[in-house]
Amino acid sequence: MVDKNIDVVTVGHALVDIRIVVNEFPTIDLESKVLNQSWGSGGSAVNVAIGVRRLGMKSSLIARVGFDSFGRIIVDELLREGVDISGLRIGFTQTGFTIVAINNRGEIMMYGYKGAAEELVPDDISEYAISRARWMHIASLRLDTTIRAIELARKHGLTISWDPGRVLASQGLSNLKDVVANVDYIMLNEKEARLMTGIDDYREAAKVIANETSAVILLKRGSKGVHVLSKEYTGEIPAYLVENVIDTTGAGDAFASGFITGILRGYTLRKAVQYGNAVAALKIKKLGSHQVPQHDEVVEFIWEREQG
């Protein structure tokens, strides 16, 4: 029997984020001066793997990159962060990237090229990497590969969380029932819930999804917090509001990192959501899609807010 020496394995996209900061987004035929810029790894699977690691857990990644300089950036950063990359696949399609423009209010505009990330096929999924883990988080992954990952996770007894992303959510709930029915936690935002169900009211959309699954529904609402729908608890858990928002890129992934870590630490559902909200609040004060704080910083932040 394989030792369970990895807490969380993430499956999905590995991309390079090219981030630029401007005062305002330009209109057509105009230019905005770039105030700051940075390059680094991104994509939801990478963000969560690094986030979980920074919060004190062991993580690994299953994804695909190209044999190029962008792929090297991703590999180097994962190794620096201590993420296990035994499940990483390397091909000859160009590594995907996202150009992220951020204005002075922390709002973002993104232009994405998925490249090699979208070529992660079912046969690429490492059963060995999955067998070593306690939890699998699937994010923004094509449907056939998602189904294969779930099959292997179930075989090896992992808890499964799933963030569909907009592309998969747009396929509609009727085409996603095999996934929805076989995961333990569903994390999606209001737009994704609307795309999946065709329902504008997020509470009603969550109920429609819940009718197809026993999974806990975590509907992320940005600065408004998280709507939770489960047997244990149903209701709104508010976000922690912070000043000086720098970059909201990856806030949902930061929440996922915190929530998963919280559950694995033995927190109740509500406490895990609060912990995830705190991780996201601290992340958006920094530039970068996976600028997740350390566990002690999160605990101190929550303590100060609760005492205040």
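Refer to the structure above for everything that follows.
Glancing now at unusual backbone geometry. Excluding glycine, residues mostly carry a negative phi; peptide bonds, for their part, are mostly trans. Located in the positive-phi region is D29, a residue other than glycine, with phi close to 70 degrees. Mapped onto the elements of the fold, D29 is located in the loop between β2 (15-21) and β3 (36-42). Take D29: its relative accessible area is 78%, and that puts it in the exposed class.

Strand order in this open sheet of four strands is β3-β2-β6-β7, and the pairing throughout is mixed. Sheet topology places β3 and β7 (108-115) at the edges, where each strand pairs with a single neighbour. When strand polarity is set aside, the average angle formed by the axes of neighbouring strands in this sheet is 15 degrees. Alignment of strand β6 (residues 95-102) against β7, held across seven bridges, turns out to be antiparallel. Bridging across to β7, I99 finds its partner in Y111. Docked against the sheet, helix α2 (residues 69-81) engages β2, β3 and β6, running at close to 75 degrees with respect to β3.

Turning our eyes to something else, we now look at the packing of aromatic side chains. This model, assessed by the stated rule, comprises nine aromatic pairs. Geometrically, the ring pair formed by Y185 and F259 is edge-to-face, given 5.3 Å between the ring centres and 70 degrees between the ring planes. Taken as a pair, Y185 in strand β10 (residues 185-189) and F259 in helix α9 (residues 251-264) lie far apart in primary sequence, 74 residues in all. When its relative accessible area of 0% is taken as the criterion, F259 is described as buried. Relative to F301, the ring of Y240 lies with its centre 5.4 Å away and its plane at 75 degrees, an arrangement referred to as edge-to-face. Of this pair, Y240 sits in the loop between β13 (234-237) and α9 while F301 sits in helix α11 (residues 295-307), and the two are 61 residues apart along the sequence. Across this residue pair, the class does not change: Y240 and F301 are buried.

A separate point is the pattern of salt bridges. Going through the model one piece at a time under the given rule, you end up with 18 salt bridges. One salt bridge connects E81 with R54, and the closest N-O pair in it is separated by 2.6 Å. Note that E81 is positioned in helix α2 and R54 in helix α1 (residues 44-54), a separation of 27 residues in sequence. E204 is the salt-bridge partner of K207, the closest N and O atoms lying 3.5 Å from each other. Note that K207 and E204 are positioned in helix α8 (residues 202-210) at a spacing of three residues, about one turn of the helix. Three or more residues joined by partner-sharing salt bridges are found here, namely E190, R203, R221 and E236.

This paragraph deals with the environment of R194. Tracing the backbone shows R194 in helix α7 (residues 190-197). Look at R194 and you get partly exposed, because its relative accessible area is 33%. The residues contacting R194, other than those within four sequence positions of it, are I199 and D200.

Calculation criteria
Residues numbered from 1 in each chain as written. Predicted model: local features only at pLDDT ≥ 70, side-chain atom pairs only at ≥ 80, totals over all residues. Heavy atoms only, no water. Helix = DSSP H or I, 4+ residues; strand = E, 2+ residues; numbered from the N terminus. Buried < 20%, exposed > 50% of the residue type's maximum accessible area, 1.4 Å probe, protein only. Pairing = 2+ DSSP bridges. Axes fitted to C-alpha atoms, helices over the stretch in contact; angles between N-to-C directions. Contact = heavy atoms within 4.5 Å. Phe/Tyr/Trp six-rings, centres within 6.5 Å; stacked < 30°, edge-to-face > 60°. Salt bridge = Lys/Arg side-chain N within 4 Å of Asp/Glu carboxyl O.

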